[in-house]
Amino acid sequence: DAMVIQNPRYQVTQFGKPVTLSCSQTLNHNVMYWYQQKSSQAPKLLFHYYDKDFNNEADTPDNFQSRRPNTSFCFLDIRSPGLGDAAMYLCATSRGTSGDNEQFFGPGTRLTVL
Amino acid sequence: DAKTTQPTSMDCAEGRAANLPCNHSTISGNEYVYWYRQIHSQGPQYIIHGLKNNETNEMASLIITEDRKSSTLILPHATLRDTAVYYCIVRGLNTGGFKTIFGAGTRLFVKA
């Protein structure tokens, strides 16, 4: 089945130690998104790629970066994780960005910062 | 900012219809209404979306008022596995062009 895959499902890192989360998709969608979801809160969009074009949200910290080497893969890099970055990180995809394009979400990666 | 208002929580008896309301009084003409749900510790799951007409799929029905200022998601026969947070989202060109901005959602408890 076509799907959005996130690895690992659980990631533990140390304060200040760089960490990379990965997302892959078999839907061949043009757009890939990264969301951050803290405990008991709604998901918050960090940034997205439309093909190779990167679009950052205005309030996304510089500590968060992303790479999309090809259509299928997208990575979230956290350069110096702080305790406040502990959260569920969700990857999503969509065919396009118009209003009639639903997003498909992966299962998420839960990041713990020690 | 989220453009929708939903009740914080609702209860529903198993086997009964669950009707989840959403207010989106500032919706623009080209904006779609989407519903997602999120079961604990999983990614959000797409349920249904619509523009003006009522929509139905294998999961649910979406009823949009004629003035489009509110909508209702209907789960016709709720089961215990439908216990989740349900997000009503307005998405379209006026919502930052492409953003799916989540509000607080409604926590639905389906009880046996």
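Remember, it's a predicted structure, so these values are computed and weren't measured experimentally.

Caption draft 1: Focus on the overall build of chain A. Along chain A, the regular secondary structure elements total zero helices and 11 strands. The order of helices and strands in chain A, counted from the N terminus, is β-β-β-β-β-β-β-β-β-β-β. By the compact-globule yardstick of 13 Å for 114 residues, chain A fits well, its C-alpha radius of gyration being 13 Å. Taking the principal axes of its C-alpha atoms as reference, chain A extends roughly 40 × 30 × 30 Å. Taken as a whole, chain A presents about 5500 Å² of accessible surface, with 49% of it coming from carbon and sulfur. For chain A, the distance from the average position of its 10 positive side-chain charges to the average position of its 10 negative side-chain charges is 8 Å.

Caption draft 2: Region of the structure containing the interface of chain B and chain A. Every contact between the two is made by 19 residues of chain B and, on the other side, 25 residues of chain A. For the pair chain B and chain A, the summed buried area comes to about 1700 Å², and 53% of that belongs to carbon and sulfur atoms. At the boundary of chain B and chain A, one finds zero salt bridges. For the pair chain B and chain A, the interface holds eight residue pairs in polar contact (both at pLDDT 80 or more). Where the side of chain B that touches chain A is concerned, the elements lending two or more residues are strand E3 (32–38), strand E4 (45–50) and strand E8 (84–91) of chain B. No other element matches E3 of chain B, which puts four residues into the side of chain B that touches chain A. For the side of chain B that touches chain A, a count of residues per class yields eight nonpolar, nine polar and two charged.

Caption draft 3: Region of the structure containing the pattern of salt bridges. Residues and elements named next belong to chain B. Evaluation of the coordinates by the stated rule reveals five salt bridges over all chains. Among the salt bridges present, the one from Lys 3 reaches Glu 31, with a minimum N-O distance of 3.0 Å. Taken together, the positions of Lys 3 in the segment before strand E1 (9–13) and Glu 31 in the loop between strand E2 (18–23) and E3 put the pair 28 residues apart, joining distant regions of the chain. Among the residues examined, Glu 31 registers a relative accessible area of 0% and is labelled buried.

Caption draft 4: Molecular detail of the state of the cysteines. Under the counting rule described, the total for this entry stands at two disulfides over all chains. The disulfide partner of Cys 22 of chain B is Cys 88 of chain B, and the S-S distance across this bridge is 2.1 Å. Looking down the S-S bond of the Cys 22 of chain B and Cys 88 of chain B bridge, the torsion is -85°, so its handedness is left-handed. Taken together, the residues Cys 22 of chain B in strand E2 and Cys 88 of chain B in strand E8 connect sequence positions 66 residues apart. Cys 88 of chain B carries the same exposure label as Cys 22 of chain B, and that label is buried. Counting only cysteine sulfurs, Cys 91 of chain A is the nearest neighbor of Cys 74 of chain A, a cysteine outside any disulfide, at a range of 6.1 Å.

Caption draft 5: Summary view of the packing of aromatic side chains. Taken as a whole, this structure holds 14 aromatic pairs over all chains when the rule is applied. One aromatic cluster in this structure is built from Tyr 33, Tyr 35 and Phe 105 of chain A together with Tyr 34, Tyr 36, Tyr 46, Tyr 87 and Phe 102 of chain B.

Caption draft 6: Summary view of the sheet that holds strand E1 (residues 4–7) of chain A. All names here are of chain A. The four strands are arranged E1-E3-E8-E7 in an open sheet whose pairing can be described as antiparallel. The strands lining the two open edges of the sheet, one partner per strand, are E1 and strand E7 (64–67). Between one strand axis and the next, the sheet turns through 20° on average, direction left out of account. Inspection of the sheet shows strand E3 (residues 19–25) paired to strand E8 (residues 73–78) by six bridges, in the antiparallel sense. Looking across to E8, one finds that Val 19 is bridged to Ile 78.

Cut-off values and rules
Residues numbered from 1 in each chain as written. Chains lettered and ligands numbered in written order. Predicted model: local features only at pLDDT ≥ 70, side-chain atom pairs only at ≥ 80, totals over all residues. Heavy atoms only, no water. Helix = DSSP H or I, 4+ residues; strand = E, 2+ residues; numbered from the N terminus. Rg over C-alpha atoms; globule rule 2.2 N^0.38 Å. Areas by Shrake-Rupley, 256 points an atom, 1.4 Å probe, with all protein chains shown as cover. Lys, Arg positive; Asp, Glu negative; His and termini not counted. Charge placed at Lys NZ, Arg CZ, Asp CG, Glu CD. Contact = heavy atoms within 4.5 Å. Buried area = accessible area lost by both parts, 1.4 Å probe. Salt bridge = Lys/Arg side-chain N within 4 Å of Asp/Glu carboxyl O. Polar contact = N/O pair within 3.5 Å; in protein donor to acceptor, adjacent residues only side chain to side chain. Nonpolar A, V, L, I, M, F, W, Y, C, P; charged D, E, K, R; others polar. Buried < 20%, exposed > 50% of the residue type's maximum accessible area, 1.4 Å probe, protein only. Disulfide = S-S within 2.5 Å. Phe/Tyr/Trp six-rings, centres within 6.5 Å; stacked < 30°, edge-to-face > 60°. Pairing = 2+ DSSP bridges. Axes fitted to C-alpha atoms, helices over the stretch in contact; angles between N-to-C directions.

So, to be careful, I would describe these as geometric facts and stop short of saying anything about function.
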